[in-house]
Amino acid sequence: MHIPHGAGDRAVGFEKRFELFDHVIVAGEKDRDRLLAAGLVTPQHCTAAGPIKLAAMLRAGLHPAPLFDNGRKTILYNPHFTKKLNSFDAFAAKLIDAMVRDGRYNLVVAPHVRMAARWSANRRREWEALAVPGQVIVDLGSPRCNDMTYTCSADLYLGDVSSQVYEFLIRPRPCLFVNAHEAQWQDCEDYAMWHFGDVVAPDADPVAAIDQAFADHRAYVAWQKERMRYSIGGLDWKPDGTPFIASQDPIRLAADIVSRVAGLSPALA
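None of these values were measured; they are calculated from a predicted model.

## Brief notes about the overall build of the chain
Counting its secondary structure elements, the chain contains nine helices and ten strands. Relative to the compact-globule value of 18 Å for 269 residues, the chain shows a C-alpha radius of gyration of 19 Å, a close match. Oriented by its inertia axes, the alpha-carbon framework of the chain measures out at about 60 × 40 × 35 Å. Sorting the 269 residues of the chain into buried and exposed places 47% on the buried side. In the chain, 60% of the contacts between residues at least 6 apart in sequence involve partners at least 24 apart. For the chain, the exposed area adds up to about 13100 Å²; of that, 53% sits on carbon and sulfur atoms. Distance between charge centres in the chain, computed from 30 positive and 32 negative side chains, equals 4 Å.

Spelled out as structure tokens, the structure:
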């Protein structure tokens, strides 16, 4: 059995290793369609069960406490760990500096938890020292990087290729992406997420780009919702914007599939 941990677009999520499993459970039709098109799974051996992690978080209630108490909008910078694809080296330091000097936004720097996993203690301290109480959080791997605290609380997502943008967009909000490697992304499935917002080069003025991303967001809302419904099975929104899963409970469905494939009795609720 294989249950991928996210619903991102990178090619690594659609590798030949998927052929090795008896059954694959994905979050939505986007991933199932792409795996089928690549010949990596058969229809009977791949199920779009819905977002298991998100369903669990919705059960618990997505109501994190405010990250800051100053009323300013909060930017989440969430670069991926892959050096050849991410924007961290080219953009992180100038972003922090620009945010501090401008003073109109809060900033959370919370990269993929694998990025700093092998850093030396000294390097970690150097980056963590860039935090500014009341304005800038630098989190290199606490539980809040994984439990949707930041993706639920931020007002704008800034990143490159991390699948966490799909967690952020359970509520449509502005997105901004940094193309630090001159990727030809416009017609590439591996960068489909970059159609959720503006895309800038690493030499862009961070503050001006963020201002523009907020101003441009209305143009992306319809596509964000359409793509999210395709990527996250059963996702819908109440009139007040609260996300919910409108289909069968993904946790129960996945448990039943695991039990069936393993030759066990149906899972308990």
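## What about the packing of helix α2 (residues 52-60) against helix α9 (residues 250-261)?
Helix-helix packing: each pair is described by the crossing angle between the helix axes and the interaxial distance. Between α2 and α9, whose axes approach to 8 Å, the crossing angle comes to 135°. Regarding the angle of α2 to α9, the classification is oblique. The residues of α9 that touch α2, namely those facing I52, A55, A56 and R59, are P250, I251 and A254. Looking at side-chain class alone, the contact of α2 with α9 contains six nonpolar, no polar and one charged residues.

## Some thoughts on the pairing of strand β6 (residues 156-159)
Here β6 shows two buried faces, one formed by L156 and L158 and the other by Y157 and G159. Of the strand pairs in this sheet, strand β3 (residues 73-78) and β6 are connected by four bridges, and their pairing is parallel. For I75, the partnering residue across the bridge sits in β6 and is L156.

## Some thoughts on empty space enclosed by the protein
Inspection of the entire model under this criterion finds one cavity of 30 Å³ or more. Estimated volume of the largest cavity: approximately 60 Å³. R144, C145, Y150, T151 and Q164 are, among the 13 residues lining the largest cavity, the residues nearest its centre. The set of elements that each furnish at least two residues to the lining of the largest cavity consists of β3, α5 (149-153) and α6 (164-168). Among the residues forming the lining of the largest cavity, the class breakdown is six nonpolar, four polar and three charged.

## Some points on the sheet that holds β3
If you trace the six strands from one edge of the open sheet to the other, you get β5-β4-β3-β6-β7-β8, paired in parallel fashion. Pairing within the sheet leaves two strands with one partner each, and these edge strands are β5 (136-138) and β8 (198-200). Along the sheet, successive strands turn relative to each other by an average axial angle of 15°, direction set aside. As paired strands, β3 and strand β4 (residues 105-109) are joined by five bridges and run parallel to one another. For L76, the partnering residue across the bridge sits in β4 and is V108.

## Concerning the pairing of β4
Strand residues, when the strand is regular, have side chains that alternate between the two faces of the sheet. Among the five residues in β4, five count as buried, and that is most of the element. Burial of β4 is two-sided: the residues Y105, L107 and V109 facing one way and the residues N106 and V108 facing the other way are all buried. Read from β3 through helix α3 (residues 88-102) to β4, the crossover connection turns out right-handed. By the bridge criterion, three bridges tie β4 to β5 in an arrangement that is parallel. Pairing of V108 across the sheet is with I137, part of β5.

## A word on the side chain of K30
Turning to its location among the elements, K30 is positioned in helix α1 (residues 29-37). What K30 contacts, discounting residues up to four positions off in sequence, is A7, G8, D9, Y166, R227, Y230 and S231.

## Thoughts on the pattern of salt bridges
Counting across every chain of the model gives 15 salt bridges. For K30, the salt bridge is made with D31, and the minimal N-O distance between the two is 2.7 Å. Like K30, the residue D31 is buried in the burial classification. One salt-bridge network, held together by shared partners, links D9, K30, D31 and R227.

## Concerning the environment of Y230
Within the secondary structure, Y230 sits in helix α8 (residues 221-231). As a C-alpha pair, Y230 and A27 span 203 residues in sequence and 9.4 Å in three-dimensional space. Polar side-chain contacts of Y230 include one of 2.7 Å to the side chain of D33.

So, how was this worked out
Residues numbered from 1 in each chain as written. Predicted model: local features only at pLDDT ≥ 70, side-chain atom pairs only at ≥ 80, totals over all residues. Heavy atoms only, no water. Helix = DSSP H or I, 4+ residues; strand = E, 2+ residues; numbered from the N terminus. Rg over C-alpha atoms; globule rule 2.2 N^0.38 Å. Buried < 20%, exposed > 50% of the residue type's maximum accessible area, 1.4 Å probe, protein only. Contact = heavy atoms within 4.5 Å. Areas by Shrake-Rupley, 256 points an atom, 1.4 Å probe, with all protein chains shown as cover. Lys, Arg positive; Asp, Glu negative; His and termini not counted. Charge placed at Lys NZ, Arg CZ, Asp CG, Glu CD. Axes fitted to C-alpha atoms, helices over the stretch in contact; angles between N-to-C directions. Parallel < 35°, antiparallel > 145°, perpendicular 65-115°, else oblique. Nonpolar A, V, L, I, M, F, W, Y, C, P; charged D, E, K, R; others polar. Pairing = 2+ DSSP bridges. 1 Å grid on protein atoms, 1.4 Å probe; cavity = no way out; pocket = protein on both sides within 12 Å on 5 of 7 lines; lining within 4 Å. Points joined across faces, edges and corners; volume = space filled by probe spheres on them. Right-handed = clockwise from strand over helix to strand, strands pointing away. Salt bridge = Lys/Arg side-chain N within 4 Å of Asp/Glu carboxyl O. Polar contact = N/O pair within 3.5 Å; in protein donor to acceptor, adjacent residues only side chain to side chain.

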